Amino acid sequence: MRELIPLRLDANLKWLFTERPFLERFDAAAAAGFAGVEYANPYDFPLAQLRRCLADAGLHQVLINTPGPSTFGYACVPDSVGEFRAGISRSLEYATGLGATRIHVMGGRVPEGVRWDRAFATYVTNLAWAAEQAASTDVILVLEALNQRDAPGFVLESVEQAASVVDAIGSESLGILYDVYHAQVQQGDVISRLRNLFQHVAHVQIADPPSRTEPGTGEICWDSFFAELRLLRYDGWIGLEYRPAEETVAGLAWRDAFTI
């Protein structure tokens, strides 16, 4: 009988423990049993301050996002190539300084008046350049397809499209971020898609549709999903990027309800 692969959960501090100020969420995550954290925006704080929060709480930094003018980023925006490159440099500085090995490169919405194919070409060119910058580090840049219901006009419309970009560029510094919530809302069949694209999966995030709350509150069969991750021998982190239905700590009872 195969040994069960332990699944590692990390707390997304943008979404969890929001009952507290941001810098207090590190200790709250550690007290709740987490060994790792992720969050989109570290750039409002000095590196030294964030490193101290991580060290004091005994936590590992898993992932950050690239900076941007909005929550969707601008990798596909033809007029923002300079800003994109500056953002990659800044995010690599923060990731390496915090010990994070994943950066989510936000793709962006196709600007009004810009053809999708031009925006997509900009996206691929930007990512090829970004992968070259990351090649000398331990960081993998991850690409995520956001669902068109929550992010209409987002440049990536499917996880398969994200994987095709990784294939086209062919860099070991690129992978996909497999977000169960976005994949289910946009496409469905999340277990088969995970299986088919697994060679490119560098990070996983979870939330339960349709309300993007904790596992067990929506439509996903989580025991089956976690079993598939084990079958595939996934050894990366699983980011909890959900909005607690009520209070964060009470909502974490789902961890005992499923075989993780």
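### Examining the overall build of the protein
Then, in step 1: If you tally the helices and strands in the protein, you get 10 helices and 8 strands.
Then, in step 2: Expressed along its principal axes, the backbone C-alpha trace of the protein runs to roughly 45 × 40 × 35 Å.
Then, in step 3: Across the 260 residues of the protein, 55% fall into the buried class.
Then, in step 4: When the accessible surface of the protein is split by element, carbon and sulfur atoms take 49% of a total near 11300 Å².
Then, in step 5: Positive and negative side-chain charges of the protein, numbering 21 and 33 respectively, have mean locations separated by a distance of 2 Å.

### Structural notes on the pairing of strand S1 (residues 8-12)
Then, in step 1: In terms of burial, S1 is largely enclosed, as 4 of its 5 residues are buried.
Then, in step 2: Pairing geometry for S1 and strand S8 (residues 237-240), over 4 bridges, is parallel. Each residue of the ladder has a partner; that of arginine 8, found in S8, is tryptophan 237.
Then, in step 3: Pairing between S1 and strand S2 (residues 36-38): 3 bridges, direction parallel. Of the residues in S2, the one forming a bridge with aspartate 10 is glycine 36.

### Structural notes on helix H7 (residues 190-197)
Then, in step 1: For H7, the set of buried residues is Val190, Arg193, Leu194 and Leu197. Taken around the axis of H7, the buried residues stretch over an arc of 100 degrees, which confines them to a single face.
Then, in step 2: Elements in contact with the buried residues of H7: helix H5 (159-169), strand S6 (174-179), helix H6 (180-186), strand S7 (201-206) and helix H8 (222-231).

### A word on the environment of glutamine 148
Then, in step 1: Looking at the secondary structure, you find glutamine 148 in the loop between strand S5 (140-143) and H5.
Then, in step 2: For the pair glutamine 148 and asparagine 65, spaced 83 residues apart in the sequence, the C-alpha separation amounts to 20 Å.
Then, in step 3: If sequence neighbours within four positions are ignored, glutamine 148 has contacts with Gly153, Phe154, Leu156, Glu157 and Gln186.
Then, in step 4: One polar contact links the side chain of glutamine 148 to the main-chain amide nitrogen of glycine 153, over a distance of 2.9 Å.

### Notes on unusual backbone geometry
Then, in step 1: Cis geometry is found at the peptide bond from proline 209 to proline 210, where omega equals 5 degrees.
Then, in step 2: If you trace the backbone, proline 210 turns up in the loop between S7 and H8.
Then, in step 3: Its identity as a non-glycine residue notwithstanding, phenylalanine 17 has a phi of 60 degrees, on the positive side.
Then, in step 4: Within the secondary structure, phenylalanine 17 is located in the loop between S1 and helix H1 (25-31).
Then, in step 5: One non-glycine residue with positive phi stands out, namely aspartate 189, at about 55 degrees.
Then, in step 6: Note that aspartate 189 resides in the loop between H6 and H7.

### Looking at the packing of H7 against H8
Then, in step 1: Two numbers describe how H7 lies on H8: the axes approach to 10 Å, and their chain directions differ by 10 degrees. Comparing their axes, H8 and H7 come out roughly parallel. In this structure, H7 uses Ile191, Leu194 and Arg195 to contact H8, whose residues at the interface are Ser224, Phe225, Glu228 and Leu229.
Then, in step 2: Grouping the amino acids of the contact of H7 with H8 by side-chain chemistry returns 4 nonpolar, 1 polar and 2 charged.

### A look at the environment of glutamate 144
Then, in step 1: Within the secondary structure, glutamate 144 is located in the loop between S5 and H5.
Then, in step 2: Through-space distance from the C-alpha of glutamate 144 to that of glycine 107 is 7.7 Å; in sequence the pair is 37 residues apart.
Then, in step 3: In this structure, glutamate 144 is in contact with His104, Phe154, Leu156, Leu177, Asp179, His182, Gln205 and Glu241, ignoring residues within four places of it in sequence.

### Digging into the packing of aromatic side chains
Then, in step 1: With the rule as written, the count across this model stands at 14 aromatic pairs.
Then, in step 2: With a centroid separation of 6.3 Å and 35 degrees between ring planes, the pair formed by phenylalanine 120 and tyrosine 123 is classed as tilted. Taken together, the residues span about one helical turn, with phenylalanine 120 and tyrosine 123 both in helix H4 (residues 116-134) at a distance of 3 residues. Accessibility classification places phenylalanine 120 together with tyrosine 123 in one group, the buried group.
Then, in step 3: Here the aromatic rings of tryptophan 222 and phenylalanine 225 are separated by 5.8 Å at their centres, their planes lie at 80 degrees, and the arrangement is edge-to-face. Linking tryptophan 222 with phenylalanine 225, this pair stays in helix H8, spanning 3 residues, or about one helical turn. The residues tryptophan 222 and phenylalanine 225 share a single accessibility class, namely buried.
Then, in step 4: In this structure an aromatic cluster arises from ring pairing among Trp222, Phe225, Phe226, Tyr242 and Trp254.
Then, in step 5: Above the face of the phenylalanine 34 ring, arginine 255 is positioned so that its terminal group lies 5.0 Å from the ring centre.

How each quantity is defined
Residues numbered from 1 in each chain as written. Predicted model: local features only at pLDDT ≥ 70, side-chain atom pairs only at ≥ 80, totals over all residues. Heavy atoms only, no water. Helix = DSSP H or I, 4+ residues; strand = E, 2+ residues; numbered from the N terminus. Buried < 20%, exposed > 50% of the residue type's maximum accessible area, 1.4 Å probe, protein only. Areas by Shrake-Rupley, 256 points an atom, 1.4 Å probe, with all protein chains shown as cover. Lys, Arg positive; Asp, Glu negative; His and termini not counted. Charge placed at Lys NZ, Arg CZ, Asp CG, Glu CD. Pairing = 2+ DSSP bridges. Arc of directions from axis to C-beta. Contact = heavy atoms within 4.5 Å. Polar contact = N/O pair within 3.5 Å; in protein donor to acceptor, adjacent residues only side chain to side chain. Axes fitted to C-alpha atoms, helices over the stretch in contact; angles between N-to-C directions. Parallel < 35°, antiparallel > 145°, perpendicular 65-115°, else oblique. Nonpolar A, V, L, I, M, F, W, Y, C, P; charged D, E, K, R; others polar. Phe/Tyr/Trp six-rings, centres within 6.5 Å; stacked < 30°, edge-to-face > 60°. Lys NZ or Arg CZ within 6 Å of the ring centre and 35° of its normal.

By themselves, these figures tell us nothing about what the structure is for.
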